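# Tertiary structure, described
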Amino acid sequence: MFSEYRIHPALLHLLYCLLCSAGEEVVRLQELEGNTVTIHTGLTGVQSDAQILGFYGPENADIKIVNSLVFKGETNTDYPSERFRDRLQLNRTSGSLTIRNISREDSGVYKLQIITERTSVWSFSVDVYAPVLKPVIRNQAEKRSVSLRESCSPLCSVENGKDVSLSWYEEKERISSISSSDSSEHLYLPLNKTNPDCSTYTCVAANPVSTQTTQLDITNICCKSVSVKKAEELPKSLAALLTSAGLIAALSILFVLYWTKTSKQQVYQYVKLNYAEVKSTSPYSDDDHKKGSVGVTEDERTLVVYSAIRM
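## Notes on the overall build of the protein chain
Counting its regular elements, the protein chain contains five helices and 18 strands. Look at the contacts in the protein chain between residues 6 or more apart in sequence, and 57% of them connect residues 24 or more apart. Counting only carbon and sulfur atoms, one obtains 54% of the accessible surface of the protein chain, whose full area is about 21500 Å².

As structure tokens, this is what we get:
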């Protein structure tokens, strides 16, 4: 009765692969984007006629990205995925797969299969991270009305990202830390020390593949803010007095300029004289001049009269 039922060979192969992979170990890798990453099988030599397959998927490795086999004595390696075509390199000697210029979008599950008389499977979980940004320290008390004793309150911040943490260190000891799964918001971490003493404080932003640090400059962050606050706390009466003195000085200068200009105009009007020149025709005719009349001079021929006109 049971001999009438046969299992298809392909189904047998699938069941065999599932049984082989049921207890397989998943290797976890954390990489920095832009790097070249190699996933290793750990083999030193692969059978020359073996078929090597590579798969990828964000959650399940179900997209074929490598197919390498030997056909009629020739090795043929194909990279069918457009996404990885120009960035993959298979080493048939070890079965290792190299990914160039890896990006955060390449994070996911990778699987390598080497098929000979039996099938060997290696699985990898790869997380790709962007480099963490440098943290920024400022005095969060700058815009609050506080006493000078409480005027220094350093606050460290950094743009959040995947698995980013922010920490304060006093010398080499971590004294506080924060992280958030919401990568859309910045991370903020106050130092929680009023008027930090002469110890060295460092703010550290980190993710699994990169670290950035910023050291607290108390003189620049805190003392500078204190000086500003002292100026802001001047008595209002003194500020009003300085304003009034400036206004009086400006009005005095304008009055002096106006008085000087008016005085000059009055003096000018009283002393200015305009002269009118009046000429009269000589009583002698041109013929007399031509004849050379005796006793006639140039002054006698032309009479000029000036009159003074007071404005």
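The rest of the description comes next.
## Some thoughts on the environment of I52
On the secondary structure map, I52 appears in strand 3 (residues 51-57). Exposure remark for I52: the relative accessible area of 0% places this residue in the buried category. As for I52 and S68, which are separated by 16 residues in sequence, their C-alpha atoms are 5.1 Å apart. For I52, the residues in contact, after removing those within four places along its chain, are V46, V66, N67, S68, L90, R92, G95, Q113 and I114.

## Details of the pattern of salt bridges
Counting across every chain of the model gives four salt bridges. The partner of R83 in a salt bridge is D106, and the shortest N-O contact between them spans 3.4 Å. One end of the pair, R83, is in the loop between strand 5 (74-78) and strand 6 (88-90); the other, D106, is in the loop between strand 7 (97-99) and strand 8 (108-115), and 23 residues separate them in sequence. Judged by its relative accessible area of 1%, D106 falls in the buried class. Ionic pairing is found between R87 and D106, a salt bridge with its closest N-O pair at 2.9 Å. With R87 in the loop between strand 5 and strand 6 and D106 in the loop between strand 7 and strand 8, this pair connects stretches of sequence that are 19 residues apart. For the pair shown, R87 and D106 are each scored as buried. What emerges from the salt-bridge pattern is a single network uniting R83, R87 and D106.

## Quick look at the pairing of strand 9 (residues 119-129)
Extensive coverage of strand 9 is indicated by the burial of 10 of its 11 residues. Relative to strand 9, strand 1 (residues 26-32) runs parallel, the two sharing seven bridges. Its bridge partner being in strand 9, V26 is matched across the sheet by S123. Taken together, the eight bridges between strand 8 and strand 9 define a ladder with antiparallel strand orientation. Each bridged residue has a counterpart across the sheet, and for Q113 the counterpart in strand 9 is V121. Taken together, strand 8 and the strand that follows it, strand 9, pair antiparallel across an intervening segment of three residues.

## Let's talk about the side chain of S125
With respect to the element layout, S125 can be found in strand 9. You can call S125 buried: its relative accessible area is 14%. Polar side-chain contacts of S125 include one of 3.4 Å to the side chain of R28. Dropping the residues within four chain positions of it, S125 is found in contact with V26, V27, R28, L29 and G108.

## Points about the pairing of strand 15 (residues 201-207)
Among the seven residues of strand 15, seven are classified as buried, and the element is accordingly described as predominantly covered. Taking every second residue as pointing to the same face, both faces of strand 15 are buried, with Y201, C203, A205 and N207 on one and T202, V204 and A206 on the other. Both strand 12 (residues 165-170) and strand 15 contribute to a ladder of six bridges, which runs antiparallel. In the sheet register, W168 faces strand 15, and the bridge partner there is C203.

## So, the sheet that holds strand 6
The antiparallel open sheet is built from three strands, whose spatial order is 2-7-6. A strand with exactly one partner marks an edge of an open sheet, and here the two such strands are strand 2 (37-39) and strand 6. Taken over all neighbouring pairs, the strand axes of this sheet differ in orientation by 20° on average, direction set aside. Sheet topology places strand 2 next to strand 7; three bridges connect them, and they run antiparallel. Bridge pairing in strand 7 links T38 to T98.

## Looking at unusual backbone geometry
Phi angles above zero are rare outside glycine, and K72 is one such case at about 55°. Judged by its relative accessible area of 75%, K72 is exposed. With a phi close to 55°, D163 is a non-glycine residue in the positive phi region. Position of D163 among the secondary structure elements: in the loop between strand 11 (154-158) and strand 12.

## So, a nonpolar patch on the surface
Residues L247, L251, I253, L254 and L257 make up a contiguous nonpolar surface patch of roughly 540 Å² in combined accessible area. Residue position: L251 is located in helix 3 (residues 236-271). L251 sits in the exposed class, given a relative accessible area of 52%.

## Considerations on the sheet that holds strand 12
Spatially, the four strands line up as an open sheet ordered 13-12-15-16, and their pairing is antiparallel. Where the open sheet ends on each side, the last strands, each with one partner, are strand 13 (173-179) and strand 16 (210-215). When strand polarity is set aside, the average angle formed by the axes of neighbouring strands in this sheet is 20°.

Definitions and limits used
- Residues numbered from 1 in each chain as written.
- Predicted model: local features only at pLDDT ≥ 70, side-chain atom pairs only at ≥ 80, totals over all residues.
- Heavy atoms only, no water.
- Helix = DSSP H or I, 4+ residues; strand = E, 2+ residues; numbered from the N terminus.
- Contact = heavy atoms within 4.5 Å.
- Areas by Shrake-Rupley, 256 points an atom, 1.4 Å probe, with all protein chains shown as cover.
- Buried < 20%, exposed > 50% of the residue type's maximum accessible area, 1.4 Å probe, protein only.
- Salt bridge = Lys/Arg side-chain N within 4 Å of Asp/Glu carboxyl O.
- Pairing = 2+ DSSP bridges.
- Polar contact = N/O pair within 3.5 Å; in protein donor to acceptor, adjacent residues only side chain to side chain.
- Axes fitted to C-alpha atoms, helices over the stretch in contact; angles between N-to-C directions.
- Patch = residues over 30% accessible without salt bridge, like charges linked within 9 Å, V, L, I, M, F, W, Y side chains within 5 Å.

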